[in-house]
Amino acid sequence: QVQLVESGGGLVEAGGSLRLSCAASGLTFSMYAMAWFRQAPGKEREFVSAIRSGGYTYYADSKKGRFTISRDNAKNTVYLQLNSLKPEDTAVYYCAGRNGNFATTREAYAYWGQGTQVTVSS
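Notes on the structure follow.

What counts as what
Residues numbered from 1 in each chain as written. Predicted model: local features only at pLDDT ≥ 70, side-chain atom pairs only at ≥ 80, totals over all residues. Heavy atoms only, no water. Helix = DSSP H or I, 4+ residues; strand = E, 2+ residues; numbered from the N terminus. Buried < 20%, exposed > 50% of the residue type's maximum accessible area, 1.4 Å probe, protein only. Polar contact = N/O pair within 3.5 Å; in protein donor to acceptor, adjacent residues only side chain to side chain. Contact = heavy atoms within 4.5 Å. Phe/Tyr/Trp six-rings, centres within 6.5 Å; stacked < 30°, edge-to-face > 60°. Lys NZ or Arg CZ within 6 Å of the ring centre and 35° of its normal. Pairing = 2+ DSSP bridges. Axes fitted to C-alpha atoms, helices over the stretch in contact; angles between N-to-C directions.

## Describing the side chain of Arg66
Position of Arg66 relative to the elements: it lies in the loop between strand E6 (57-59) and strand E7 (67-72). Arg66 sits in the buried class, given a relative accessible area of 13%. There is a polar contact of 2.7 Å between the side chain of Arg66 and the side chain of Asp89. Sequence-distant contacts of Arg66, that is, excluding residues within four places in its chain, are made with Gln81, Leu82, Asn83, Ser84, Leu85, Lys86 and Asp89.

## Some thoughts on the side chain of Arg38
Among the structural elements, Arg38 can be located in strand E4 (residues 32-39). What makes Arg38 buried here is its relative accessible area of 8%. A distance of 2.6 Å separates polar atoms of two side chains, one belonging to Arg38 and the other to Glu46. A polar contact of 2.9 Å, which involves the side chain of Arg38, links it to the side chain of Asp89. Sequence-distant contacts of Arg38, defined by excluding residues within four places in its chain, comprise Glu44, Arg45, Glu46, Val48, Lys63, Phe67, Glu88, Asp89, Ala91, Val92 and Tyr93.

## Quick look at the packing of aromatic side chains
A complete count under the given rule lists nine aromatic pairs for this structure. Here Phe37 and Phe47 contribute two aromatic rings whose centre-to-centre distance is 5.6 Å and whose plane-to-plane angle is 80 degrees, an arrangement assigned as edge-to-face. Placement of Phe37 in strand E4 and of Phe47 in strand E5 (residues 46-51) is noted, with a sequence separation of ten residues between them. Both residues of the pair, Phe37 and Phe47, belong to the buried class. One aromatic cluster is present, formed by Phe37, Phe47, Tyr56, Tyr58, Tyr94, Phe102, Tyr109 and Trp112 through successive ring pairs. Positioned above the aromatic ring of Tyr79 is the side chain of Arg19, whose terminal nitrogen or guanidinium carbon lies 3.9 Å from the ring centre. Stacked on the ring of Trp112, the Lys or Arg Arg45 has its end atom at 5.0 Å from the ring centre.

## Looking at the sheet that holds strand E3 (residues 18-25)
Spatially, four strands are ordered E1-E3-E8-E7 in an open sheet, and the strand pairing comes out antiparallel. Both outer strands of the open sheet, strand E1 (3-7) and E7, are each paired with one neighbouring strand and no more. On average, each strand axis in the sheet is tilted by 15 degrees relative to the strand beside it, whichever way the strands run.

Right, here's the structure in full:
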């Protein structure tokens, strides 16, 4: 049974940083592309970033420069470093995984975590 468990969310002031983690189990992690999506209240879930099994990374245009995705295959964990946070970054952040190459659409991912709330105050 595949499980993805996010952690690291919280309340932070604008300009602050957070590091999100997603621990995976029940899959051969090193073979999976992993991604982060986010969903703000009343909005669609949107792609944030993805990382291939070999470490190639991809970002949504608006997230480049402030967010950094990384993975540790030995720990079956993917991370998302959030810097220079803005109130508009407030959302539930979800980890997702798919076997094979990365994708930027939610439909492409078979496995999802329960999400972690990030709230940025102004």
